[in-house]
Amino acid sequence: MFEPNEIPLFYVVMVVFMVIVLTSFIIYALINMIDTGYVLIKRKPLYRYLLPPYKKLPAHQQHLLQSQFRFYQRLSEKEKRVFHHLLVYFMQSKKFVGRNNLDLTDEMVVLTSATAIMLTFGFRDYSLKMIKHIIIYPSAFYSETNDMHHKGEYNPRLQALVLSWEHFVAGYSVSNDNLNLGIHEFAHAIHFNSLKNRDASSTIFADTFKELSAFLSEETELRQRLLASGYIRDYAYTNAFEFVAVIIETFIETPAEFKAQFPSVYAKTKQMLNFNFEGY
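Conventions we followed
- Residues numbered from 1 in each chain as written.
- Predicted model: local features only at pLDDT ≥ 70, side-chain atom pairs only at ≥ 80, totals over all residues.
- Heavy atoms only, no water.
- Helix = DSSP H or I, 4+ residues; strand = E, 2+ residues; numbered from the N terminus.
- Buried < 20%, exposed > 50% of the residue type's maximum accessible area, 1.4 Å probe, protein only.
- Contact = heavy atoms within 4.5 Å.
- Areas by Shrake-Rupley, 256 points an atom, 1.4 Å probe, with all protein chains shown as cover.
- Arc of directions from axis to C-beta.
- Phe/Tyr/Trp six-rings, centres within 6.5 Å; stacked < 30°, edge-to-face > 60°.
- Pairing = 2+ DSSP bridges.
- Axes fitted to C-alpha atoms, helices over the stretch in contact; angles between N-to-C directions.
- Salt bridge = Lys/Arg side-chain N within 4 Å of Asp/Glu carboxyl O.
- Core = buried A, V, L, I, M, F, W, Y, C linked by side-chain atoms within 4.5 Å.
- Right-handed = clockwise from strand over helix to strand, strands pointing away.

1. Describing the overall build of the protein
At step 1: Looking only at helices and strands, one finds 12 helices and six strands in the protein.
At step 2: Across the 280 residues in the protein, those meeting the buried criterion constitute 46%.
At step 3: Sequence separation of at least 24 residues holds for 69% of the intrachain contacts in the protein that already meet a minimum separation of 6.
At step 4: Of the accessible surface of the protein, which amounts to about 15,000 Å², a share of 59% is contributed by carbon and sulfur atoms.

2. Re helix 12 (residues 263-273)
At step 1: Those residues of helix 12 that sit buried are Val265, Tyr266, Thr269, Met272 and Leu273. The arc that holds the buried residues of helix 12, viewed along the axis, is 120 degrees, so those residues lie on one side.
At step 2: Here the buried face of helix 12 lies against helix 5 (106-119), helix 8 (200-218), helix 9 (220-229), helix 10 (240-253) and helix 11 (255-261).
At step 3: Where helix 12 ends, the next residue or the one after it, Asn274, has phi of about 50 degrees, a positive value.

3. So, the environment of Val174
At step 1: As for its position among the elements, Val174 is in the loop between helix 6 (165-173) and helix 7 (181-196).
At step 2: Counting along the chain gives 79 residues from Val174 to Glu253, while the straight-line C-alpha distance between them is 9.2 Å.

4. Focus: the packing of aromatic side chains
At step 1: Considering all chains together, one arrives at 24 aromatic pairs under this definition.
At step 2: For the pair Phe275 and Phe277, a centre-to-centre distance of 5.0 Å together with 90 degrees between the ring planes defines the contact as edge-to-face. Each member of the pair, Phe275 as well as Phe277, carries the same accessibility label: buried.

5. Considerations on the side chain of Thr208
At step 1: Inspection of the secondary structure puts Thr208 in helix 8.
At step 2: Setting aside its immediate chain neighbours within four residues, Thr208 contacts Arg43, Thr203, Lys268, Gln271 and Met272.

6. Some details on the environment of His149
At step 1: Summarising the element assignment, His149 is placed in strand 4 (residues 148-150).
At step 2: Placed 10 residues apart in sequence, His149 and Ser139 show a C-alpha to C-alpha distance of 9.8 Å.
At step 3: In contact with His149, not counting residues within four places along its chain, are Ala140, Phe141 and Tyr142.

7. Considerations on the sheet that holds strand 6 (residues 160-164)
At step 1: Taken in spatial order, the four strands line up as 1-2-6-5 in an open sheet, and their pairing is mixed. The two strands at the open ends of the sheet, each matched to only one other strand, are strand 1 (95-98) and strand 5 (152-155). When the angles between neighbouring strand axes are averaged without regard to direction, this sheet yields 15 degrees.
At step 2: By the bridge criterion, five bridges tie strand 2 (residues 133-137) to strand 6 in an arrangement that is parallel. For His133, the partnering residue across the bridge sits in strand 6 and is Ala160.
At step 3: With respect to the sheet, helix 6 is in contact with strand 2 and strand 6, its orientation differing from that of strand 6 by roughly 75 degrees.

8. Some thoughts on the pattern of salt bridges
At step 1: Tallied over the entire structure, the rule returns five salt bridges.
At step 2: Put simply, Asp125 and Lys129 hold a salt bridge, and the shortest N to O gap is 2.3 Å.
At step 3: Looking at Lys129, the relative accessible area reads 45%, which means it is partly exposed.
At step 4: With a closest N to O distance of 3.1 Å, Glu249 and Arg233 form a salt bridge.

9. A word on the nonpolar core
At step 1: Formed by 71 residues in total, the largest nonpolar core has its most connected members in Phe71, Phe83 and Phe121.
At step 2: With nine residues, helix 5 is the single largest residue contributor to this core.
At step 3: Once residues lying within four places of it in the same chain are set aside, the contact partners of Phe71 are Phe83, Met118, Phe121, Phe275, Phe277 and Tyr280.
At step 4: Residues Val97, Ile135, Tyr137 and Phe141 belong to the second largest nonpolar core, which totals six residues.

10. Remarks on the environment of Ser139
At step 1: Here Ser139 lies in the loop between strand 2 and strand 3 (141-143).
At step 2: Residue Ser139 is classed as partly exposed on the basis of its relative accessible area, which comes to 29%.
At step 3: Residue contacts for Ser139: discarding those within four places in its chain leaves Ser164 and Glu166.

11. What to know about the pairing of strand 2
At step 1: For strand 2, the tally of buried residues reaches four of five residues, placing the bulk of the element in the interior.
At step 2: In this structure, strand 1 lies alongside strand 2, joined through four bridges in parallel fashion. Counterpart to Phe96 in the pairing with strand 2 is Ile134.
At step 3: Since strand 1 and strand 2 lie parallel, the crossover through helix 5 that links them has a hand, and here it is left-handed.

Next comes the structure, spelled out in structure tokens:
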């Protein structure tokens, strides 16, 4: 046996290392447990970002956002820095493809990606793992999924989001008609992403939509008012996926009117996106 003053340094280092590892594991498990409990009770993440140092967005791309992206224009300077960081990461993590001889431009990549970041700006995990490719056509394109021409689609099997640039631009040209191709297709991707992942934001999105669906099935009068109002366009009632996409389009484009007409549905949509920003 070693005397106390004769214990080799190696053993001391190993003991200290094991204590640090065990302590770190316990702390991590506690934080995870607290975070999960908070999400289940409050229906929002305990925290959103642990970001600094921020990734930098080039000045010309910042100008694109400032001149063409209404949501970005209303952010505080701190929120804009966060938006830059998330946008850089998102653009680096996806493969952008131009089809039918379309030459991809900075504007196309930045504005399509900004749509994704806008919709996930309240999320902790904003990367949308269920999207690997963003494919852009000049206009409507033929789709083999149903042998028809589409303006946009999300293909979960191929993890590809496909857009007509013509119709993407048209969606943003009118800001209050509750019809926006980019928002609609990215909303589909977020919905599928929430069903395949169990991070905090996916859990909140999926569970809140289940609550909204159950609520609407019970509230016959509200459901009839929704149908009769014409405010939520008829395409929303095709299936649950289209309903999610359309109410998110509506929430983003005309939040004040949505809140005034259907406050309970608005509140659930806001909770799904954890959307606590100016104007919402």
